Amino acid sequence: FFTEEARPKPLRDKPWDWGVVTSWAGEEMRINGWEAAGLTLAVSVLAIVLAWLASGWFALPAARTFATPEPFLPTGREPSALRSFAWRALLAVTRFVLVLMRSLPEYVLAFLLLTIVGVNAWPAVLALMIHNTGILGRLNAEVIENLPARTLEAKRAAGADRGQIALFGVMPAALPRFLMYFFYRWETCVREATVLSMIGIAGLGYWITDADARGQEDRLLLYILVSSALVLFGDFISAIARRIVRSAS
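Computed from a predicted structure; not experimentally measured.

Asks: I keep staring at the overall build of the chain and nothing clicks. Help me out?
Replies: Across its full length, the chain holds eight helices and zero strands. Going from N to C terminus, the chain has its helices and strands arranged as α-α-α-α-α-α-α-α. Projected onto its principal axes, the C-alpha positions of the chain cover 85 × 40 × 25 Å. Within the chain, the proportion of its 249 residues that are buried is 43%. Expressed as a percentage of contacts within the chain between residues at least 6 apart in sequence, the contacts between residues at least 24 apart total 75%. Taken as a whole, the chain presents about 13,500 Å² of accessible surface, with 66% of it coming from carbon and sulfur.

Okay, here's the thing in structure tokens:
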């Protein structure tokens, strides 16, 4: 495979020449590669940003310490049975929705969305967003549940309502961990965006499939190497960002 089929076309039956290889690869990247890599990266970034924003809304009602009639209130009158049931129902429904989101494979979601929104980047973006909303929503809910209760109880005892506790108590305390999970999941989005582009979006996965269908093993190997480099780039940026967040927190 590596000595014959994957050999760049200009070098078939010729001695190996790195100058020719570089020129050939540069031309392939100019025609399709750079645009495909940029689209793949853009899909992953947009998907994880939307998922992170959506997960913030799901995390609060999915956290057992917050989805109660009187969150972080150490003492007080017993809430009514109806209010207690309503909040337990909200907690259960929210957690079920998050389980459903993360249990649906991105590839299946993308195919379903393809019939709704057509052949463009949005099926991949929405599929990644839905799946990662389920994962980040659950992870962020656990972060909220594990926050030290003393500060939040002090705010509640001082008269802060549910919204003020969420904005000025929960979110600032949980934000560093939220950001670490954000960058961690973005690594996965970069990889999955390549795979999802095989459904017809002009990303790296599309050109990998195209090269395979045409029997152009040299182009196939080139685009696989480019996708691997893109994943390594995402891992590198994510690791740096998580280290900065960890140090700052």
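Asks: Please clarify how the packing of helix 5 (residues 149-157) against helix 6 (residues 162-196) should be interpreted in this entry.
Replies: Helices that pack against each other are described as a pair by the angle of their axes relative to one another and the distance between those axes. The interhelical angle for the contact between helix 5 and helix 6, taken along N-to-C directions, is 150°, at an axis separation of 10 Å. As the angle between them shows, helix 5 and helix 6 are arranged roughly antiparallel. Note on packing geometry: the crossing formed by helix 5 with helix 6 is right-handed. On the side of helix 5, the interface is formed by Leu-152, Lys-155 and Arg-156, while helix 6 contributes Ile-165, Phe-168, Gly-169 and Val-170. Taken together, the residues that form the contact of helix 5 with helix 6 break down as four nonpolar, one polar and two charged.

Asks: Can you help me understand empty space enclosed by the protein in this one?
Replies: In this approach the atoms are scanned with a rolling probe the size of a water molecule, which exposes any empty space left behind. One pass over the full model with this rule turns up one cavity of 30 Å³ or more. Considering only enclosed or pocket space, the largest cavity measures out at about 40 Å³ in volume. Lining the largest cavity are Leu-39, Thr-40, Val-43, Ala-124, Ala-193, Leu-196, Ser-197, Ile-201 and Gly-203. Contributions of two or more residues to the lining of the largest cavity are made by helix 1 (18-62) and helix 6. Among the elements that take part in the lining of the largest cavity, helix 1 stands out by supplying three residues, more than any other. Among the residues making up the lining of the largest cavity, the classes are represented as six nonpolar, three polar and no charged.

Asks: Please clarify how the layout of surface pockets should be interpreted in this entry.
Replies: The volume enclosed by the largest pocket comes to roughly 300 Å³. Listed by contribution, the elements that provide at least two residues to the lining of the largest pocket are helix 1 and helix 6. In terms of residue count, the dominant contributor to the lining of the largest pocket is helix 6 (seven residues). Here the residues of the lining of the largest pocket sort into ten nonpolar, three polar and no charged. Of the voids in this model, the second largest pocket is the one considered here, and its volume is about 220 Å³. Considering the residues around the second largest pocket, the lining is formed by 14 residues, among which Pro-8, Val-21, Trp-24, Leu-221 and Leu-225 are closest to the centre. In terms of residues, the lining of the second largest pocket owes the most to one element, helix 8 (residues 217-248), which gives five residues. Residues that form the lining of the second largest pocket fall into these classes: twelve nonpolar, no polar and two charged.

What counts as what
- Residues numbered from 1 in each chain as written.
- Predicted model: local features only at pLDDT ≥ 70, side-chain atom pairs only at ≥ 80, totals over all residues.
- Heavy atoms only, no water.
- Helix = DSSP H or I, 4+ residues; strand = E, 2+ residues; numbered from the N terminus.
- Buried < 20%, exposed > 50% of the residue type's maximum accessible area, 1.4 Å probe, protein only.
- Contact = heavy atoms within 4.5 Å.
- Areas by Shrake-Rupley, 256 points an atom, 1.4 Å probe, with all protein chains shown as cover.
- Axes fitted to C-alpha atoms, helices over the stretch in contact; angles between N-to-C directions.
- Parallel < 35°, antiparallel > 145°, perpendicular 65-115°, else oblique.
- Left-handed = near helix turned anticlockwise from the far one by under 90°.
- Nonpolar A, V, L, I, M, F, W, Y, C, P; charged D, E, K, R; others polar.
- 1 Å grid on protein atoms, 1.4 Å probe; cavity = no way out; pocket = protein on both sides within 12 Å on 5 of 7 lines; lining within 4 Å.
- Points joined across faces, edges and corners; volume = space filled by probe spheres on them.

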